[in-house]
Amino acid sequence: MVTTDLIDRSISRFAKYYSWFALLMVLFVVINVLGRYFFDIRNDYAVDSTWQLYGMLIMFGCSYALGKEAHIRTDLFWNNYKDRTKAIIDFLSYIFLFFPSFALITWISYKDTYAAVEMNERSSETMAQLVIWPMKIGITVGLVLLMIQAISQTVKCYKRMVK
């Protein structure tokens, strides 16, 4: 339990830092809107930075949401299951669905990130053409954090199963 608690606390602590991305995004949008409508100035850096921060915020937030079990369950019968049955379903889902698919996605993201850093990939969304490899690194890190949090959740499921 010590390892799962350490993972959960670390992800929660990290969430306190990256949650500031949301405030930065709001500031960038406000700066862009005020500049565009009142001063006829378009801020391409704000536009590019906003969607890059948004991408990283979503990916970092996935691991936090998984740790807090904030994901949506759509199964109508879920509330009627015993805790052990829920643990078995979750455990098998992590092992056979989550890990294979997210391992593949993480690997593809790593390869794409490596190529983006190597060629100094830039955005074509605006004339500013900001580099986008920092965002791609953030997305890959977010996927790794999600995998780490999933390991913690799988261990918790296993402990609930054998209890």
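Residues numbered from 1 in each chain as written. Predicted model: local features only at pLDDT ≥ 70, side-chain atom pairs only at ≥ 80, totals over all residues. Heavy atoms only, no water.

Let us now look at the overall build of the protein chain. Across its full length, the protein chain holds 5 helices and 0 strands. When the helices and strands of the protein chain are listed from N to C terminus, the series reads α-α-α-α-α. The C-alpha atoms of the protein chain give 20 Å as radius of gyration, which overshoots the globular expectation for 163 residues (15 Å, by more than 25%). Its C-alpha atoms give the protein chain principal-axis dimensions of about 65 × 35 × 30 Å. In the protein chain, buried positions account for 36% of the 163 residues. Within the protein chain, contacts between residues at least 6 apart in sequence are counted, and of these 76% link residues at least 24 apart. Charge centroids of the protein chain, computed over 17 positive and 13 negative side chains, lie 11 Å from each other. (Helix = DSSP H or I, 4+ residues; strand = E, 2+ residues; numbered from the N terminus. Rg over C-alpha atoms; globule rule 2.2 N^0.38 Å. Buried < 20%, exposed > 50% of the residue type's maximum accessible area, 1.4 Å probe, protein only. Contact = heavy atoms within 4.5 Å. Lys, Arg positive; Asp, Glu negative; His and termini not counted. Charge placed at Lys NZ, Arg CZ, Asp CG, Glu CD.)

Glancing now at unusual backbone geometry. Positive phi values are uncommon outside glycine, yet Asp40 reaches one of about 55°. Take Asp40: it is sitting in the loop between helix H2 (20-39) and helix H3 (44-67). Overall, the relative accessible area of 72% leaves Asp40 in the exposed class. With a phi close to 55°, Asn120 is a non-glycine residue in the positive phi region.

Glancing now at the packing of helix H1 (residues 2-18) against helix H5 (residues 133-162). Two elements in contact, H1 and H5, have axes whose closest approach is 9 Å; the angle formed by their N-to-C orientations is 145°. Read as a crossing pair, H1 and H5 show a hand that is left-handed. For the pair formed by H1 and H5, the contact residues are Thr4, Ile7, Asp8, Ile11 and Phe14 on the first element and Leu145, Ile148, Gln149, Ser152, Gln153, Val155 and Lys156 on the second. In the contact of H1 with H5, the residues fall into 6 nonpolar, 4 polar and 2 charged. (Axes fitted to C-alpha atoms, helices over the stretch in contact; angles between N-to-C directions. Left-handed = near helix turned anticlockwise from the far one by under 90°. Nonpolar A, V, L, I, M, F, W, Y, C, P; charged D, E, K, R; others polar.)

What follows is about the packing of aromatic side chains. Each aromatic ring pair is characterised by the separation of its centres together with the angle its planes make. This model, assessed by the stated rule, comprises 11 aromatic pairs. Ring geometry for Tyr18 against Phe60: centres 5.2 Å apart, planes inclined by 45°, an arrangement best described as tilted. Of this pair, Tyr18 sits in helix H1 while Phe60 sits in helix H3; the two residues are 42 residues apart in sequence, bridging distant segments of the chain. Exposure class is identical for Tyr18 and Phe60. Each is buried. Judged by relative accessible area, which is 6%, Phe60 ranks as buried. Ring pairing ties together the aromatic residues Phe14, Tyr18, Phe21 and Phe60, which thus form one cluster. (Phe/Tyr/Trp six-rings, centres within 6.5 Å; stacked < 30°, edge-to-face > 60°.)

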